[in-house]
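In case you want the letters, here they are:
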Amino acid sequence: MNPDEARMLAEIHRELTQMYPSRSAHRIDDHPLDTLAGFVLNGDARAHESSVDLAEKLDRIQRTLDELPARIAAAVHAAQPPKTF
């Protein structure tokens, strides 16, 4: 291996093994958390989790919207004063 190849290999090794802090807006501190490769692999998992979570949230919203007319009707009925004859 020539000196340039050794330098490039050392740089690649450093990039792959160096620990980096999270860049999340919700991070607690700036302490190193994971390697570059770890963040890339974790990003894939987070994207998949988000797509699954979004579908579940949309289903829950749709169920709530489907129940809304009945809830409104029940609230209106309960708020009406009793009829006196």
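Since the model is a prediction, treat every value here as computed from it, not as a measurement.

A. Structural view of helix 1 (residues 3-17). In this model helix 1 runs 21 Å from its N-terminal to its C-terminal C-alpha over 15 residues, within 8% of the 21 Å that 1.5 Å per residue would give. For helix 1, the N-terminal cap is N2; the gap from its side-chain oxygen to the backbone nitrogen of D4 is 3.0 Å.

B. Seen up close, the pattern of salt bridges. With the rule as written, the count across this model stands at five salt bridges. A salt bridge links R14 to E11; the shortest N-O distance between them is 2.7 Å. Taken together, the residues R14 and E11, both in helix 1 and three residues apart, mark about one turn of the helix. Accessibility expressed as a relative area gives 35% for R14, which makes it partly exposed. For R71, the salt bridge identified is with E67, shortest N-O distance 3.3 Å. With a gap of four residues between them, R71 and E67 both fall in helix 2 (residues 36-79), about one helical turn apart. On the accessibility criterion, E67 (40% relative accessible area) is partly exposed. In the salt-bridge network here, residues are joined through shared partners; they are E11, R14 and E15.

C. Structural context of the confidence of the model for the protein chain. Confidence in the prediction of the protein chain, expressed as mean pLDDT, is 89, and 100% of residues score 70 or more. Looking across the protein chain, the model is least confident in strand 2 (residues 32-35), with a mean pLDDT of 87, and most confident in helix 1, with 93.

D. Expanded view of a nonpolar patch on the surface. Taken together, the side chains of L54, L58, I61, L65, L68, I72 and V76 define a hydrophobic patch exposed on the protein surface, amounting to about 640 Å² of accessible area. Within the secondary structure, V76 is located in helix 2. Under the relative-accessibility criterion, V76 is labelled partly exposed at 45%.

E. Main features of helix 2. For helix 2, which comprises 44 residues, the first-to-last C-alpha distance of 60 Å matches the rise-based estimate of 64 Å (1.5 Å per residue) to within 8%. Considering bend angle alone, the principal kink of helix 2 is centred on L68 and spans about 40°; proline P69 follows within four residues of it.

F. Spatial organisation of the environment of S50. Position of S50 among the secondary structure elements: in helix 2. Each C-alpha atom of the pair S50 and R23 lies 18 Å from the other, and the pair is 27 residues apart in sequence.

Conventions adopted
Residues numbered from 1 in each chain as written. Predicted model: local features only at pLDDT ≥ 70, side-chain atom pairs only at ≥ 80, totals over all residues. Heavy atoms only, no water. Helix = DSSP H or I, 4+ residues; strand = E, 2+ residues; numbered from the N terminus. Expected span 1.5 Å × (residues − 1). Polar contact = N/O pair within 3.5 Å; in protein donor to acceptor, adjacent residues only side chain to side chain. Salt bridge = Lys/Arg side-chain N within 4 Å of Asp/Glu carboxyl O. Buried < 20%, exposed > 50% of the residue type's maximum accessible area, 1.4 Å probe, protein only. pLDDT = per-residue confidence, 0-100. Patch = residues over 30% accessible without salt bridge, like charges linked within 9 Å, V, L, I, M, F, W, Y side chains within 5 Å. Areas by Shrake-Rupley, 256 points an atom, 1.4 Å probe, with all protein chains shown as cover. Bend = angle between axes of the 7 residues up to and from the residue.

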